[in-house]
Amino acid sequence: QFYLASVVKHSSFDYFVSLFVILNAALIGCETDWKAMHIDAENPPIFFALDGACGLFFTFELSIRMLVHGSKFWTSHDHAWNMFDTIVVGLQILDGLAGVLPEGFLPNNPGFVHGLRLIRLARIVRLARVLHLLVELRTMLLSIIGSLRSLFWALVLYFMFIFVISVYFTQTITLERENMNADDRRSEGFERLETYFGSLWVTIFSLWSCILGGMDWAVLATLLVQEVSLSTGIVFIFFVAFCMMAMANVITGIFVETAMVHAEQDADTHVAKKVSDMFKQFSPNDAMTEESFLRLANSMKLDELFKAINVDKSDAATVFTLIDADNSGSLDMNELLDGWLRLRGSAKSIDLAVLMRETESTNNVLNVMQHQLDVMYSSMCSKTEDSGIPTTKRDSLIKASSFHGKALLKRLERAG
């Protein structure tokens, strides 16, 4: 079991399994393509053999994961992916059993056959398992999912605007069609107006098509200028220009901002997970000393984390000092995690506010000390005048005291 644990927990194991997931999806694609070109023919035995091999491999892989992780398989931070893998592998086993059972044992109705095809489609969905291993793909997917809310409200805004414009065009063109005589109503122009602007919903569909690229907007602009009026055609051109140049650019900017926010959150989550896994693996005593931290940095185990904060590994000692906020010489889990995330990215507004507050407090302390030094200097001057000390010796003592006091003040300023 120790050997299996070392294999399963190795960083290359997930990539090796992902390679088989991709190959399995490619196999299903080839099988689907062959079946589409040979509708009445039976599948070649090679497909069944390769399907069985993939099913055995995924069953073995899932089994050793359950054996190594035990109850943590269902409770760890990857429990959702583990449940997903279990369901997909179970469906793959069911699909394999359906292929080896004798003919007539299973129902032969179209609904059952369609259900088996959906099970096979579910196996392809396991490609999503690859996404959490590849940072770029995972970031893109999470950014798209995070932008769905903005997409919904963008569609609502577009629909509201197009609805208002469609009411105007429908009323204008309906009035123009009513004023046409019998001969004009039999013309091709009248039929085209009825085709694109025959009702409110037809007009909405036509305008959507122009905006989304399903139809060339120049066709409708030319039709409106020729059959209705020049002003109506100009209004339509302005509508297209406003949607494409104003609304589209603003919405694109909102989407980009939303995607950047979710990408930043995903990067923070990924770094937090890496830091947590590293601490649990290399700090059994719930504390990481500077020596163990530097040893990990030199062994290339922290390369990805140092890259996340744009710091070279040669500055590992400086990073440890910055993270060790209580100067205890060791880091606990929360201290390491908070410190690393704080070093990632640019400074936030609260960081600048704290810095300004601490600088102001330091300046206040220095001003008080300077005032005390001035008082001491004045006191020394008055005492030396009353002591009867020769003027030359008295001036030298005052200058020496003043020099040492100012030097101390400068050192305090540099320290602050």
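The numbering scheme is per chain: residues are counted from 1 as the chain's sequence reads. Owing to the predicted nature of the model, reporting of local features is limited to residues with pLDDT of at least 70; listing and counting of side-chain atom pairs is limited to 80 or more, with chain, interface and lining totals taken over all residues. To obtain the side-chain values, all non-hydrogen atoms of the structure were used and water was disregarded.

### Regarding the packing of aromatic side chains
- Under the pairing criterion, centres of Phe, Tyr and Trp rings, with the six-membered ring standing for Trp, must be within 6.5 Å; the plane angle then separates stacked pairs below 30 degrees from edge-to-face pairs above 60, leaving the rest tilted. For the structure shown, the criterion picks out 16 aromatic pairs.
- Each ring, one from F57 and one from F58, has its centre 5.6 Å from the other, and the planes form 65 degrees; the classification is edge-to-face.
- Given a relative accessible area of 1%, F58 falls into the buried group.
- Considering the side-chain rings of F161 and F242, the 5.3 Å spacing of their centres and the 50 degrees angle between planes classify their relative orientation as tilted. With F161 in helix α9 (residues 148–178) and F242 in helix α14 (residues 230–282), this pair connects stretches of sequence that are 81 residues apart.
- Each residue is assigned to one of three classes by its accessible area relative to the maximum for its type, calculated with a 1.4 Å probe on protein chains only: buried under 20%, partly exposed between the two thresholds, exposed over 50%. What makes F161 partly exposed here is its relative accessible area of 23%.
- Accessibility expressed as a relative area gives 33% for F242, which makes it partly exposed.
- Ring pairing ties together the aromatic residues F161, Y168, F169, F197, F236, F238, F239 and F242, which thus form one cluster. Under the DSSP-based scheme used, a helix requires at least four consecutive residues in state H or I and a strand at least two consecutive residues in state E, with every element numbered from the N terminus.

### What about the nonpolar core?
- Among the nonpolar cores identified, the biggest contains 27 residues, and F169, F197, F236 and F239 are the most heavily contacted of them.
- Residue contacts follow a heavy-atom distance rule, with two residues in contact if any of their heavy atoms lie within 4.5 Å. Ignoring any residue separated from it by four or fewer positions in sequence, one finds F169 in contact with F197, T203, L207, L224, T232, V235 and F236.
- In these notes, a set of buried Ala, Val, Leu, Ile, Met, Phe, Trp, Tyr and Cys residues joined through side-chain atoms within 4.5 Å is what counts as a nonpolar core. Membership of the second largest hydrophobic core comes to 21 residues, among which are V275, L305, I309 and L331.

### A look at the packing of helix α15 (residues 290–298) against helix α17 (residues 316–323)
- Following both chains from N to C, one finds α15 and α17 inclined at 135 degrees, their axes separated by 10 Å at the closest point. In terms of axis orientation, α15 runs oblique to α17. For the pair α15 and α17, the crossing hand works out as right-handed. Across the interface between the two elements, E290, F293, L294 and A297 from α15 touch A316, A317, V319 and F320 from α17.
- Residue polarity follows a fixed list, in which Ala, Val, Leu, Ile, Met, Phe, Trp, Tyr, Cys and Pro are nonpolar, Asp, Glu, Lys and Arg are charged, and the others, Gly among them, are polar. Its residues placed into classes, the contact of α15 with α17 shows seven nonpolar, no polar and one charged. An axis is simply a line fitted to the C-alpha atoms; with a helix, the fit covers only the stretch in contact. Between two such axes, the angle follows the N-to-C directions and lies from 0 to 180 degrees. For this classification, under 35 degrees means roughly parallel, over 145 means roughly antiparallel, 65 to 115 means roughly perpendicular, and everything else is oblique. Helix crossings are classified by the rotation of the near helix relative to the far one: an anticlockwise turn of less than a right angle makes the crossing left-handed, while a clockwise turn makes it right-handed.

### Observations regarding empty space enclosed by the protein
- Residues are called lining when one of their atoms sits within 4 Å of a cavity or pocket point, these points coming from a 1 Å grid over the protein atoms alone, where a cavity is a set in which a 1.4 Å probe fits but cannot get out and a pocket is an open set with protein on both sides within 12 Å along at least five of seven lines. Grid points are joined across faces, edges and corners, and a volume is the space filled by probe spheres set on the points. The full count for this structure, using the stated rule, is one cavity of 30 Å³ or more.
- For the largest cavity, the calculated volume is near 70 Å³.
- What lines the largest cavity is a set of eleven residues, among which D14, V17, S18, R65 and R129 lie closest to the centre.
- The greatest single-element share of the lining of the largest cavity, amounting to four residues, is contributed by helix α2 (residues 11–37).
- Its residues assigned to classes, the lining of the largest cavity comprises three nonpolar, two polar and six charged.

### Topic: a nonpolar patch on the surface
- A contiguous nonpolar surface patch, about 590 Å² in accessible area, is contributed by L141, L142, I144, I145, L148, L151 and L155.
- Elements that contribute at least two residues to the nonpolar patch include exactly α8 (135–146) and α9.
- If one sorts the elements of the nonpolar patch by residue count, α8 sits on top with four residues. Here a patch means residues that are over 30% exposed by relative accessible area and free of salt bridges, tied together within 9 Å if like-charged and within 5 Å if nonpolar (Val, Leu, Ile, Met, Phe, Trp, Tyr). Note on areas: these come from Shrake-Rupley sampling with a 1.4 Å probe, and a residue is covered only by the protein chains present in the view. Salt bridges are identified by distance alone: a Lys or Arg side-chain nitrogen within 4 Å of an Asp or Glu carboxyl oxygen.

### So, α17
- For α17, the set of buried residues is A316, V319, F320 and I323. Along the axis of α17, the buried positions cluster into a sector of 100 degrees, meaning they face one direction only. Working note: the arc is built from the helix axis to C-beta atom directions.

### Remarks on the packing of α9 against helix α11 (residues 188–197)
- Contact geometry for α9 and α11: axes closest at 11 Å, N-to-C directions at 155 degrees. Considered as vectors, α9 and α11 are oriented roughly antiparallel to each other. Remark: the crossing between α9 and α11 carries left-handed chirality. In this structure, α9 contributes F169, I173 and R177 to the contact, and α11 contributes F190, L193, E194 and F197.
- Of the residues assigned to the contact of α9 with α11, the class counts are five nonpolar, no polar and two charged.

### Notes on the confidence of the model for the protein chain
- Residue-level confidence of the predictor, termed pLDDT, takes values from 0 up to 100. Mean pLDDT over the protein chain works out to 78, with 80% of the residues at or above the 70 mark.
- By mean pLDDT, helix α20 (residues 391–415) is the weakest element of the protein chain at 52, and helix α12 (residues 200–212) is the strongest at 92.

### As for the pattern of salt bridges
- All told, the structure shown has three salt bridges when counted by the stated rule.
- Of the charged contacts in the structure, one is a salt bridge between R65 and E61, with a shortest N-O distance of 2.4 Å. Taken together, the residues span about one helical turn, with R65 and E61 both in helix α3 (residues 45–69) at a distance of four residues.
- Given the relative accessible area of 8%, R65 is considered buried.
- Accessibility expressed as a relative area gives 2% for E61, which makes it buried.
- Connected via shared salt-bridge partners are D14, E61 and R65.

### Describing the environment of A259
- Looking at the element boundaries, A259 is found in helix α14.
- On the accessibility criterion, A259 (22% relative accessible area) is partly exposed.
- Separated by 119 residues in the primary sequence, A259 and M140 have C-alpha atoms spaced 8.1 Å apart.
- The contacts of A259, once residues within four sequence positions are left out, are S143 and S147.

### Some remarks on α9
- Multiplying 1.5 Å by the helix residue count minus one yields the expected span of that helix. In a regular helix each residue adds 1.5 Å, so 31 residues correspond to 45 Å; α9 covers 43 Å between its end C-alpha atoms and thus fits that length.
- Residues of α9 that are buried: S150, A154, Y158, I162, I165, S166, F169, T170, I173 and R177.

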